[in-house]
Amino acid sequence: MQDYQQRLTQYIHEGMGKDSINRLYEAVSHAAMEEIKPFYPTKAQNKTACYFSLEFLIGRVVYANLYNLGLLDDMRRVFEENGLDPNIFESVEDAALGNGGLGRLAACFLDSGATCGYALDGYGIRYKYGLFRQRILDGFQKEEADDWQRFGDPWSARNEDERVQVNFKGQSVWAVPYDMPIIGYGGRQVNTLRLWQAEPVRAFDFDGFNRQDYEDAFSGQNEAEAISAMLYPNDNTAAGKRLRLKQQYFFSAASLHSIIRQYKARFGNDLTGLPRHFAIQLNDTHPTVAIPELLRLLISGEGMEFETAFNIVRDIFAYTNHTIMAEALEKWEVDLFCDVIPEVYPYVVMLQNHLKSTLARLPIAPENSSGYYILENGFIHMVRMAVYATHSTNGVAALHTDILKNDLLKGWHTLYPERFNNKTNGITQRRWLGLCNPEYTRFITGRIGDGWLTNLDELQRLLPYADDPESLREFMAVKLEKKRQLAAYTRLHENGFELNCDSIFDIQVKRLHEYKRQLLNAFSIMDIYFSLRDGALRDFTPMTCIFGAKSAPGYRRAKGIIKYIDEIARMINHDPDTNDRLRVLFVQNYNVSYAEKLIPAADLSEQISTAGTEASGTGNMKLMLNGAVTLGTYDGANIEIVEESGEENNFIFGARVENIRALEGKYSPLKIYRENARIRRVLDTLVDGTFSDGGTGVFRELYDSILKGTSWHAPDQYYLLLDLEAYVQAKLDANRACADREGFARKCLLNTARAGKFSSDRTIRQYAEEIWGLSPTV
């Protein structure tokens, strides 16, 4: 747009830019914000959906916003004319206000909502520090504070007039909203991400300071600011649990106040119509405390009868389940809950009593009723509350939803089958192909046009090109270029590490957790290394195995896995007999921006979670879209990826859910270990002196967890030894397939061509039509 170029040029010449990255960032952002002023925020004609999420992993927004506005090329042109580097913002904020797939999904949903014309606003917390910055020192993860606002935050507007007072026991804080525009592709619709910042109602105790109670004088300010200081405080302690509950209530309560304020301004004081004009999606159980809080507001604040208020609550709320992992199914101690938000607890009791009366009318044996209770054995079960007090419960992949219906929430599904539905996750193709892979974008658009940017099903028109040798050669050239770009990036950020761009890039990038089985990947690398050293493996195409992951700071075993991978990398990368064929890299500080470099360069997408543990996975979709082949288990969205692109174009291995269920109580990893020399040789590297864990004992702990188990889980809880041989064979099959470069390129291109189902545009349309009752506004 000519206006944008002129405005940006003017800002630069008037001194807003040039002298620092911060000033340039402000210039670029403010000039773009001027473009959207006439139509921001887009007003909903009828109904607004509100996405409550403790995480929004939005990443770097400047390039994404300019891309969606069609201004990215204009910015680059102005910068080049003024002797500035258009890529200068690579060092600017990567707003890591989330931990992984759940937060990145929330960001994709907001992009799709605006692009598809739905009034979809996000609500969360404006953490001062996002997910930590990770450094690997001597193989160990070290955490550093991630001050994502150090370059400013020109895309957010502080809206102090709409601040909300949130009350805890013995403490009141202000929730101050910062509103960020969510710009749909083409700029047709702009929605809002409202993030709340905690500030003290009383910042400074002057009298206390005069009495020389210096620490107490600032305690109110410190306690308030701690609420929005950091994503996910360590909740291994009572203090950590208390802060986490405060965070959940803080943003839920503030967001409900904001929604009610909007409703009254537009529709008057009769709140019985609230569900006709607003829908609230609970992204996992973190915001479930909003249920009793809304009951409190309606009954105590508006004078409603319980039954009327409950019907409003049920009709406005919907719940997305993201996990079947027992440790992630939240429950709060009643004593802690009452000590933090005592005013809310009576409404939890009301929900419990209402549930009891409902169960009494149903054909449920009295001895089985307690399994449904929200309050049981001194705990508040948030999943039960979420299912009972909402009108919709959805899983995020077909297999995951089946597990909810037939296992985890089987009783609830029997009671309310109409409430359960599947919404397979998706990703935004604008961010995860259009923006991060312009070379491949040109390849695709040059063949089928650019309609795929808003209708990913258009990619099916690429299918004929999978049999076109010239297209396959051009695809391989694009992939090589993305590898070279990644190599240049790792050279700068990984202490000069040199990637072999002619090798296969085998990439596993995701949160570090035992069920995601980075350790299984590490074991497979060791097995292949031993085979190369022994000369047993001769037919092997050079491969680079790349990991990217962060462990939760208090997750000792996950940190041990990082150390083990680093030890493997040190040994293999320095072995002159094998390092021309096999190399290993664990990248530091994996985040959204690093993902934008890694994903387009991948040949093999490692998706190897134990069957039945990964709810969905969205990293697999991003890699598929960018022309990588899945090497994975029959789990989560892998199943649907294989259904779309064909098992012959991917490499699937390992036990399936039904196999694992059949093994319950019978599985013996110790028997496998004793009878299989290959597996024993690999596992023993944890304890036989091959590697050092720096005296921490964590390698022995990993070893024992597999062969002996612990007091809280059975041996080899995630079936690493069961799947190891099949996994190595699948990896070698994929390796041999890569040797046929044209044949492998065909598999890659077919994966892209059949990725249409995995657009978050499709997912959001399903939420809008099937859960929220929402129509497009444009």
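Please refer to the structure placed before this passage.
Here the structure is a predicted model, which is why all the values come from computation and not from measurement.

Draft legend 1. Quick look at the overall build of the chain. When helices and strands are tallied, the chain shows 32 helices and 23 strands. Taking 2.2 N^0.38 as the reference for a compact globule, 778 residues should give roughly 28 Å; the C-alpha atoms of the chain span a radius of gyration of 26 Å, in line with that estimate. Along the longest, intermediate and shortest principal axes, the C-alpha atoms of the chain span 80 × 70 × 60 Å. By the burial criterion, 62% of the 778 residues in the chain qualify as buried.

Draft legend 2. Summary view of the pairing of strand β5 (residues 133-137). What you see with β5 is a clean split: Gln134 and Ile136 sit on the buried side and Arg133, Arg135 and Leu137 on the side with no burial. With five bridges connecting them, β5 and strand β6 (residues 140-144) associate as antiparallel partners. When the bridges of β6 are listed, leucine 137 appears paired with phenylalanine 140.

Draft legend 3. Inspection of empty space enclosed by the protein at higher detail. Within the structure shown, the criterion is met by five cavities of 30 Å³ or more. Considered as a void within the structure, the largest cavity measures approximately 250 Å³ in volume. Together, 19 residues line the largest cavity, and Ala64, Asn65, Ala107, Asp111 and Arg431 are the ones closest to its centre. Residue assignment for the lining of the largest cavity shows that the elements contributing at least two residues are α3 (62-69), α5 (101-115), β9 (171-183) and α18 (429-435). Among the residues making up the lining of the largest cavity, the classes are represented as 11 nonpolar, three polar and five charged. One number sums up the size of the second largest cavity: a volume of about 110 Å³. Forming the boundary of the second largest cavity are 13 residues, of which Glu514, Ser705, Ile706, Tyr718 and Leu720 lie nearest the centre.

Draft legend 4. Representation of the packing of aromatic side chains in the model. One pass over the structure, following the stated rule, counts 28 aromatic pairs. For the ring pair tyrosine 372 and tryptophan 412, a centre distance of 5.1 Å and an interplane angle of 80° mean the geometry is edge-to-face. Residue tyrosine 372 is found in the loop between α14 (366-369) and β14 (375-376), and its partner tryptophan 412 is found in helix α17 (residues 410-415); the two are separated by 40 residues along the sequence. Here tyrosine 372 matches tryptophan 412 in class, with each residue buried. Measuring from centroid to centroid gives 6.3 Å for phenylalanine 547 and phenylalanine 586, while their planes differ by 10°, and the two rings are stacked. Remark: phenylalanine 586 occurs in strand β20 (residues 582-587) and phenylalanine 547 occurs in strand β19 (residues 543-548); sequence separation between them is 39 residues.

Draft legend 5. Fine view of the sheet that holds β19. One open sheet holds the six strands; their spatial order is β20-β19-β18-β21-β22-β23, and the pairing between them is parallel. Bordering the open sheet on either side are β20 and β23 (651-652), each of which pairs with just one other strand. The sheet contact formed by strand β18 (residues 504-509) and β19 spans six bridges and is parallel. Paired with phenylalanine 505 across the bridge in β19 is threonine 544. Helix α23 (residues 592-601) rests against β18, β19 and β20 of the sheet, and its axis sits at about 140° to β18.

Draft legend 6. Seen up close, unusual backbone geometry. Its identity as a non-glycine residue notwithstanding, aspartate 138 has a phi of 55°, on the positive side. Among the secondary structure elements, aspartate 138 is positioned in the loop between β5 and β6. For aspartate 138, a relative accessible area of 59% gives the class exposed. In the Ramachandran plot, asparagine 377 falls in the positive-phi region, its phi being about 55° despite a non-glycine side chain. Inspection of the secondary structure assignment puts asparagine 377 in the loop between β14 and β15 (379-381). For asparagine 377, a relative accessible area of 69% gives the class exposed.

Draft legend 7. Structural view of the layout of surface pockets. Of the volumes computed, that of the second largest pocket is approximately 900 Å³. If you go around the second largest pocket, you meet 34 residues; those closest to its centre are Leu72, Arg76, Leu435, Cys436 and Pro438. Counting residues per element, the ones that place at least two in the lining of the second largest pocket are α3, α4 (72-81), α18, α19 (438-448), α20 (469-493) and α23. In the lining of the second largest pocket, the residues fall into 17 nonpolar, seven polar and 10 charged.

Draft legend 8. Just the pairing of strand β11 (residues 278-283), in detail. Of all six residues in β11, six are buried; the element is thus mostly enclosed. Along β11, one buried face is formed by Phe278, Ile280 and Leu282 and the opposite face, lined by Ala279, Gln281 and Asn283, is buried too. The sheet contact formed by strand β1 (residues 48-52) and β11 spans five bridges and is parallel. Residue pairing in the sheet places tyrosine 51 in a bridge with glutamine 281 of β11. Where β11 and strand β12 (residues 317-320) come together, four bridges link them in parallel fashion. By the bridge assignment for β12, isoleucine 280 is matched with phenylalanine 317.

Reading the values: the criteria
- Residues numbered from 1 in each chain as written.
- Predicted model: local features only at pLDDT ≥ 70, side-chain atom pairs only at ≥ 80, totals over all residues.
- Heavy atoms only, no water.
- Helix = DSSP H or I, 4+ residues; strand = E, 2+ residues; numbered from the N terminus.
- Rg over C-alpha atoms; globule rule 2.2 N^0.38 Å.
- Buried < 20%, exposed > 50% of the residue type's maximum accessible area, 1.4 Å probe, protein only.
- Pairing = 2+ DSSP bridges.
- 1 Å grid on protein atoms, 1.4 Å probe; cavity = no way out; pocket = protein on both sides within 12 Å on 5 of 7 lines; lining within 4 Å.
- Points joined across faces, edges and corners; volume = space filled by probe spheres on them.
- Nonpolar A, V, L, I, M, F, W, Y, C, P; charged D, E, K, R; others polar.
- Phe/Tyr/Trp six-rings, centres within 6.5 Å; stacked < 30°, edge-to-face > 60°.
- Contact = heavy atoms within 4.5 Å.
- Axes fitted to C-alpha atoms, helices over the stretch in contact; angles between N-to-C directions.

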